[in-house]
Every structure is written in structure tokens, then in C-alpha cells.
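# Report on the structure
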Amino acid sequence: MNDLSPAVTELIDNHPYRYSQSQKSEFLLDTKRMLRAAGYNSDRIEEQRLGGIFGSRNLIIGNPEAEYLVTAHYDTPGRNGFLLGTSPLVGQTGANIIMLLLLIPFFIAEMWLISSVLDQPEPSVLAVIGAILAPVVVLILLMLVPMLIVNRHNSNDNSSGVMCVLQCALYAAEHPELADRCCFVLFDNEEWGLVGSIGFVSRQKKRKIDTGKQFAINLDCVGVGEVLAAVTTVAPGERCKTLTDSLSRLGLPVECKRSQLVFMSDHAAFPDAVMLSYMNRSKLGPLYIPNIHSRKDTQCDNRLVAELAEHLWGYLCKTV
């Protein structure tokens with residue numbers, strides 16, 4: 001099994017978190033330098049600027065019209081891991097259900113506050129508006145403020161996915177006969193709602209590129225875990241089944257899942273896509289991604305990432 005390229009690991013070591021615009025700019029600049037040193041021409045490296053309030057920028061490597069896209073998000077999150085509820089006991093889905101149940105007392109208190117105001121003989125309009133908005137504002141702040149606290153520990157989420165994509169891109173640089181038939185994309189602002197991938201799909205449509213004919217393999221958190229989960233938002237298509245069958249034959253412990261609420265990532269922006277993510281199995285059975293969006297995200301098994309990149313590249317070579 002090959003190791004990760006020293007150029008890839010050095011890039012991530014130099015840019016361990018990519019939260020602010022300046023941090024992202026420095027990362028993109030060094031990534032483009034690395035790709036050019038590997039043999040990519042400048043016309044095969046596109047920094048796609050989406051604008052908007054987030055100022056999102058994607059990095060497209062190769063042919064954007066290719067049938068196969070290998071993707072990851074390069075932006076790193078704030079420190080809001082407690083909201084994601086990754087639980088070694090009940091798994092990620094179970095923890096999210098518990099988090100929702102914990103909101104029930106909050107909404108009961110809100111209804112009581114509104115009722116108390118309305119029970120006054122002549123409640124003012126401002127009092128009613130305040131009773132409605134105050135709890136909502138508190139809830140929004142509870143969810144938003146932690147996202148604004150920079151998390152400086154992102155070894156798995158999603159530095160591992162970025163390394164895997166770039167490793168595949170370096171393989172492609174050595175095989176120009178295949179490089180034109182697959183594309184590697186690093187998305188921005190996944191953490192703020194799949195902004196980069198949704199913008200990429202929108203730009204593809206403007207370019208008259210049919211994303212329905214493209215298959216996106218999205219890599220998110222592939223550096224820690226026991227089980228390789230293949231997650232789709234809809235029933236997996238033939239290309240997804242071919243991929244998972246290929247990885248299973250190579251000995252990787254693949255488990256297919258469908259999820260439209262939990263385990264969401266940039267694959268959800270595409271009609272035909274899968275997210276590959278290494279996960280742990282909780283004590284009660286369901287899967288979870290450990291330690292994401294927290295200062296405990298300090299581990300990444302580079303050999304696990306290298307193995308996946310090697311197998312993915314083998315699959316692409318046989319397919320394209």
C-alpha cells in the first residue's frame with residue numbers, strides 16, 4: 001500500500017485549519033503551486049469564485065465536464081460539535097433525536113411566555129412580538145455563536161478528505177490519458193450549508209453541463225473509523241453500487257446508508273452521488289463520526305487515507 005505524498009501531508013501541516021478568507025487564500029495558493037509542480041497546466045486548475053455573503057471559492061482540478069467527480073470540502077468548522085451529537089453510545093442519528101427531544105421544554109416555555117403575555121388585559125404589540133422573538137433569538141444565538149468560534153483541530157474533518165482528493169489528483173497527473181476523464185473538486189463553505197457544492201452545480205448548469213450525467217464521490221472524514229460508510233440521499237444508482245462493490249472486493253468494510261438529515265455533506269447537492277466516510281460503531285449499533293467540530297479532532301490515520309485514495313484511483317482507472 002502506498003503512503004500519502006509528502007507534498008500532500010506538508011500542505012495540510014502548513015494549513016491545518018482553513019476558516020477565515022485569508023487562511024483559505026493561503027491554502028488555495030499553495031495547493032495550486034503543488035498541482036503545477038506535479039504537472040498540471042494552469043488551464044486545468046480553476047479557482048471558481050461564487051461571491052455572495054460567504055465569498056465562497058471552489059478549486060476545480062481537471063475537466064469539469066468529466067463523468068466522475070472526486071470531491072471534498074476544504075473549509076473547516078467552528079466549535080459546535082455538541083450540536084451534532086456524535087455519541088459513542090447511541091450513534092449520530094440517535095444523538096440527533098435526543099437533541100431534538102431536549103428542545104421540547106424550550107418550546108413549552110416559549111408557548112407559556114406567549115400565553116402569559118396574551119392573558120394580560122391589554123397586551124401591547126411590542127410585548128407580544130418580544131414574547132415570540134426572544135426565545136427564537138436565544139435559540140439562534142445558541143446555534144450560531146459556537147460556529148463563530150474557530151476550531152483549530154480538524155485532522156479528520158475535513159483535512160482527511162482533502163488529502164484523499166489531492167492524492168487522487170496527483171495519481172491523475174501521472175496518467176494524462178485518464179486525467180481528462182475525471183475531475184477533482186475542493187468545495188468551500190460546506191459547514192455553512194453546502195454553499196460551495198450548490199454553487200458549483202449552479203455554475204455547471206449555466207455552462208450547459210448536465211450534472212445528472214456526472215457521478216460525484218464525496219470524501220468527508222475518511223481518516224478515523226472502523227467502518228467505511230457509503231451514504232446517499234436517494235436510492236443508490238448503478239455507479240454507486242459498482243463503486244461500493246469494488247471497494248468491498250478490495251477488503252474495505254463498506255456499509256451503505258441512506259440519510260437525508262444526518263450525515264449531510266456536499267454529495268447532497270448532486271443528483272447522483274455518494275459520500276464515503278469512515279465511522280465508528282456505537283455501543284448500541286448505529287454509526288457515528290467521532291469528535292468532529294471539537295478540539296478532540298486531533299487524529300487522522302494517513303495510511304487509512306492513502307489506502308482509500310489508492311483503491312479509489314484503481315476504481316477510476318477501471319471505470320473511465
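The structure we're discussing is the one just above.
Here we summarise the structure given alongside this text.

### A short note on unusual backbone geometry
- With an omega of -5 degrees, the peptide bond running from D157 to N158 counts as cis.
- Turning to its location among the elements, N158 is positioned in the loop between α6 (125-144) and α7 (159-173).
- One non-glycine residue, N291, lies in positive phi territory at about 65 degrees.
- As for its placement among the helices and strands, N291 is situated in the loop between β9 (287-288) and α11 (302-319).
- If you check the backbone angles, H293 has positive phi at about 60 degrees while not being a glycine.
- Within the secondary structure, H293 is located in the loop between β9 and α11.

### A short note on the packing of helix α5 (residues 104-118) against α6
- Two numbers describe how α5 lies on α6: the axes approach to 8 Å, and their chain directions differ by 165 degrees. Here α6 runs roughly antiparallel to α5, going by the angle between their axes. For the pair α5 and α6, the crossing hand works out as right-handed. Listed contacts from α6 to F106, F107, E110, L113, I114, V117 and L118 of α5 are A127, V128, A131, I132, P135, V136 and L139.
- Residues of the contact of α5 with α6, tallied by class, amount to 13 nonpolar, no polar and 1 charged.

### A few points about the pairing of strand β6 (residues 227-232)
- Most of β6 is tucked away, with 6 of its 6 residues classed as buried.
- Because side chains alternate across β6, one face comprises the buried residues V227, A229 and V231, and the other comprises L228, A230 and T232, equally buried.
- Where β6 meets strand β8 (residues 273-281), 5 bridges bridge the pair, whose relative direction is antiparallel. Looking at β8, one finds that A229 is bridged to S277.
- Direction of pairing for β6 relative to strand β7 (residues 254-258): parallel, over a ladder of 5 bridges. Considered in β7, the bridge of A230 is made with C256.
- Read from β6 through helix α10 (residues 238-249) to β7, the crossover connection turns out right-handed.

### Some words on the packing of aromatic side chains
- On inspection of all chains with the given rule, the structure shows 8 aromatic pairs.
- Each ring, one from Y68 and one from Y315, has its centre 6.2 Å from the other, and the planes form 85 degrees; the classification is edge-to-face. With a gap of 247 residues between them, Y68 in strand β3 (residues 68-73) and Y315 in helix α11 connect regions that are remote in the sequence. Neither Y68 nor Y315 differs from the other in exposure class; each is buried.
- The interplanar angle of 35 degrees and the centroid separation of 6.3 Å between the aromatic rings of Y171 and W313 together place this pair among those described as tilted.

### Regarding the packing of helix α2 (residues 21-37) against α7
- Running from N to C, α2 and α7 point in directions that differ by 25 degrees, and their axes come no closer than 11 Å. Accordingly, the angle class assigned to the pair α2 and α7 is roughly parallel. Our pair here, α2 against α7, has a crossing hand that is right-handed. Across the interface between the two elements, F27, T31, M34 and L35 of α2 pack against V162, L166, A169 and L170 of α7.
- Class assignment for the residues of the contact of α2 with α7 results in 7 nonpolar, 1 polar and no charged.

The rules we used
Residues numbered from 1 in each chain as written. Predicted model: local features only at pLDDT ≥ 70, side-chain atom pairs only at ≥ 80, totals over all residues. Heavy atoms only, no water. Helix = DSSP H or I, 4+ residues; strand = E, 2+ residues; numbered from the N terminus. Axes fitted to C-alpha atoms, helices over the stretch in contact; angles between N-to-C directions. Parallel < 35°, antiparallel > 145°, perpendicular 65-115°, else oblique. Left-handed = near helix turned anticlockwise from the far one by under 90°. Contact = heavy atoms within 4.5 Å. Nonpolar A, V, L, I, M, F, W, Y, C, P; charged D, E, K, R; others polar. Buried < 20%, exposed > 50% of the residue type's maximum accessible area, 1.4 Å probe, protein only. Pairing = 2+ DSSP bridges. Right-handed = clockwise from strand over helix to strand, strands pointing away. Phe/Tyr/Trp six-rings, centres within 6.5 Å; stacked < 30°, edge-to-face > 60°.

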